[in-house]
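Observations on chain architecture
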Amino acid sequence: MPAPAFPPGPRGYPIIGVLPQLRSDPIRTFLDAADRYGTVAYLKAGPYHGFLLSNPADIKHVLQDNARNYHKSPLYERLKDGIGNGLLTSEDSFWLRQRRLAQPAFHRQRLVTMAEAMVSCTEQKLERWDRAASSGEIIDLVAEMMALTQAIIVRTMFSTDLGATAEVVNRTWPIINRRIGETFWSTKLETTLPLPANRRMRNALHELETVVYRIIADRRQTRRDEPDLLSMFLSARDDETGTGMTDRQLRDEVMTMLLAGHETTSLALSWTYYLLSQHPEVEQGIADEVDRVIGGGRPGFAHVEQLPHVRQAIEESLRLYPPAWGFSRLSLGEDEIGGYQVPKGSIVFVIPFMVHRRPNLWPDPERFDPDRFTPEHESVRPRFAYIPFGGGPRGCIGSQFAMVEAQLIVAAIAQRYRIELVPGQQIRPEPLITLRPSPGIRARLRRRPH
Ligand code: HEM
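Model, not experiment: these values are computed from the prediction.

**Description of a nonpolar patch on the surface**
A surface patch of nonpolar side chains, about 340 Å² in accessible area, is lined by Tyr13, Ile15 and Ile16. Along the chain, Tyr13 falls in the segment before helix H1 (19-24). Accessibility expressed as a relative area gives 48% for Tyr13, which makes it partly exposed.

See the structure below:
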């Protein structure tokens with residue numbers, strides 16, 4: 001039988017293929033491959049056949065229509081080393097059970113209550129910003145947003161304030177995140193070598209885990225029944241055996257929510273301000289809208305639907321700088337995508353950063369234009385052309401949570417401050433697990449006149 005014809009793609013090296021390029025500049029490698037080789041491009045990644053998709057119909061096929069044929073790819077292994085076998089990384093019946101358990105925590109009714117916590121955490125943060133606004137002090141915007149979304153996820157998911165443990169999360173999380181990002185394309189062996197970076201990662205993980213186990217033990221002991229995710233996981237019983245989740249399973253779910261529930265949203269906000277600083281007219285439009293809809297009152301869930309300018313600016317920022325910039329799947333059996341045979345055991349790459357910049361889907365793709373998200377424009381776009389939250393059964397469970405949170409934060413900030421970036425900064429997107437503004441964003445707060 002003739003060998004199957006793979007789609008066109010960059011040649012790469014013998015055996016390792018384009019792995020060096022993917023390690024050193026994954027975004028450029030994916031953008032170039034999509035530009036040069038069409039809607040399905042072949043990228044050999046070490047031992048794997050790799051298929052890069054840029055046609056929304058093909059992406060829908062993999063994420064939704066034929067989702068059963070796919071698991072998360074081996075690239076999630078390093079993530080698993082950190083957050084274990086939780087909702088983001090588990091598969092099949094175990095995943096489905098956990099997803100069903102978690103789902104009620106994200107229902108609309110719960111969102112209304114959680115919006116309250118989102119606003120109160122934001123108010124606390126803005127109080128602290130007051131001094132920086134008076135003195136003209138420079139703030140590290142990414143760190144500020146990270147701390148805010150961390151406080152929110154802990155409050156809404158676990159009904160607790162981090163208190164003294166906030167310092168541990170703040171300190172350990174960046175170490176863990178960076179190391180997972182750096183070793184994304186590495187083998188397990190490389191992460192177990194006695195290197196200082198590996199040691200730092202292990203220590204940070206241990207420290208963070210200790211905090212997480214403490215939150216779990218505290219709840220088990222006090223038997224407080226809060227209407228939050230932790231209670232749902234704690235009260236869950238296996239249909240057949242009647243047993244509950246072990247501490248280890250709980251630890252994995254808590255670590256997953258801690259990671260997935262704050263990092264991405266904080267980056268979405270940071271990129272939004274990066275873009276708004278270059279588009280003062282959009283920023284002013286947001287301020288006017290917030291003024292009209294909320295005035296000097298307290299933002300709340302009821303306002304969210306009345307703030308289309310705020311929502312569209314965030315959506316456009318998620319298009320240009322999707323925090324989950326790329327994800328991937330492993331084919332469990334053979335498949336056919338875009339007319340090509342995809343052998344069992346192949347990696348399929350879905351790269352929002354690239355898909356969101358295809359000129360056939362997004363005219364003048366580099367331009368920041370929130371109007372792309374007006375209902376008229378949205379109605380004519382293929383659903384899988386815009387995938388900041390993935391799609392199909394493994395799509396983001398927290399997408400509405402994140403949008404409500406981001407809108408309320410932007411609205412609350414707009415009531416009081418304008419965020420002005422320190423001029424002359426060179427900021428570029430750094431693709432770790434998530435897409436970070438590197439080396440950070442330095443900004444000043446300007447008080448808005450009332
Ligand atoms: C702007 C913010 C966010 C972005 C861009 C984002 C993006 C994503 C993406 C792309 C996926 C799919 C990954 C894949 O297919 O491999 C995902 C899954 C997930 N996200 Fe989010 N997310 C955000 C906020 C949140 C929040 C706030 C939570 C929790 C409160 C959350 C929890 C999760 C979980 C648990 C999964 C795994 C779902 C499953 O496989 O069943 N995310 N997210």
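**A few points about the layout of surface pockets**
The computed volume of the largest pocket comes to approximately 480 Å³. In terms of lining residues, the largest pocket is bounded by 26 residues, among which Arg311, Glu315, Ser399, Gln400 and Met403 are the most central. Considering only residue class, the lining of the largest pocket consists of 12 nonpolar, eight polar and six charged.

**Examining the packing of aromatic side chains**
For the coordinates displayed, the defined rule picks out 14 aromatic pairs. With 4.5 Å between their ring centres and 10 degrees between their planes, Phe6 and Tyr42 make a pair best called stacked. You can see Phe6 sitting in the segment before H1 and its partner Tyr42 sitting in strand E1 (residues 40-42), a full 36 residues away along the chain. Taking relative accessible area as the criterion, Phe6 reaches 27% and is therefore assigned partly exposed. For the pair Trp271 and Tyr321, a centre-to-centre distance of 4.1 Å together with 10 degrees between the ring planes defines the contact as stacked.

**Some thoughts on the site of the ligand**
What surrounds the ligand is a group of 26 residues, the closest being Tyr76, Trp95, Arg99, Arg329 and Cys396. Contacts to the ligand include Trp95, whose side-chain N or O atom sits 2.7 Å from an oxygen atom. Sorting the residues of the shell around the ligand by element identifies helix H5 (92-102), helix H12 (247-260), helix H13 (263-278), strand E5 (327-331) and helix H19 (399-416) as the ones contributing at least two each. Per-class residue counts for the shell around the ligand are 16 nonpolar, six polar and four charged.

**Some remarks on the coordination of the iron atom of the ligand**
You will see that the iron atom of the ligand has only one donor from the protein, Cys396 (SG), lying 2.3 Å away. Here Cys396 is to be found in the loop between helix H18 (375-379) and H19.

**As for the side chain of Lys125**
Considering the arrangement of structural elements, one finds Lys125 in helix H6 (residues 108-135). Accessibility expressed as a relative area gives 9% for Lys125, which makes it buried. One polar contact links Lys125 to Glu144, side chain to side chain, over a distance of 2.8 Å. Not counting residues within four places of it along the chain, the set of residues in contact with Lys125 comprises Glu144, Ala147 and Leu148.

**Let's talk about the sheet that holds strand E4 (residues 139-140)**
Spatially, E4-E12-E9 is the arrangement adopted by the three strands of the open sheet, whose pairing is antiparallel. Two strands close off the open sheet at either side, each with one partner strand: E4 and strand E9 (417-421). With five bridges connecting them, E9 and strand E12 (residues 442-447) associate as antiparallel partners. Paired with Arg418 across the bridge in E12 is Arg446. Each of E4, E9 and E12 touches H6; the most contacted strand, E12, lies at about 95 degrees to it.

Calculation criteria
Residues numbered from 1 in each chain as written. Predicted model: local features only at pLDDT ≥ 70, side-chain atom pairs only at ≥ 80, totals over all residues. Heavy atoms only, no water. Patch = residues over 30% accessible without salt bridge, like charges linked within 9 Å, V, L, I, M, F, W, Y side chains within 5 Å. Areas by Shrake-Rupley, 256 points an atom, 1.4 Å probe, with all protein chains shown as cover. Salt bridge = Lys/Arg side-chain N within 4 Å of Asp/Glu carboxyl O. Helix = DSSP H or I, 4+ residues; strand = E, 2+ residues; numbered from the N terminus. Buried < 20%, exposed > 50% of the residue type's maximum accessible area, 1.4 Å probe, protein only. 1 Å grid on protein atoms, 1.4 Å probe; cavity = no way out; pocket = protein on both sides within 12 Å on 5 of 7 lines; lining within 4 Å. Points joined across faces, edges and corners; volume = space filled by probe spheres on them. Nonpolar A, V, L, I, M, F, W, Y, C, P; charged D, E, K, R; others polar. Phe/Tyr/Trp six-rings, centres within 6.5 Å; stacked < 30°, edge-to-face > 60°. Near = heavy atom within 4 Å. Polar contact = N/O pair within 3.5 Å; in protein donor to acceptor, adjacent residues only side chain to side chain. Donors = N, O, S within 2.8 Å, 3.2 Å for Na, K, Ca; no water. Contact = heavy atoms within 4.5 Å. Pairing = 2+ DSSP bridges. Axes fitted to C-alpha atoms, helices over the stretch in contact; angles between N-to-C directions.

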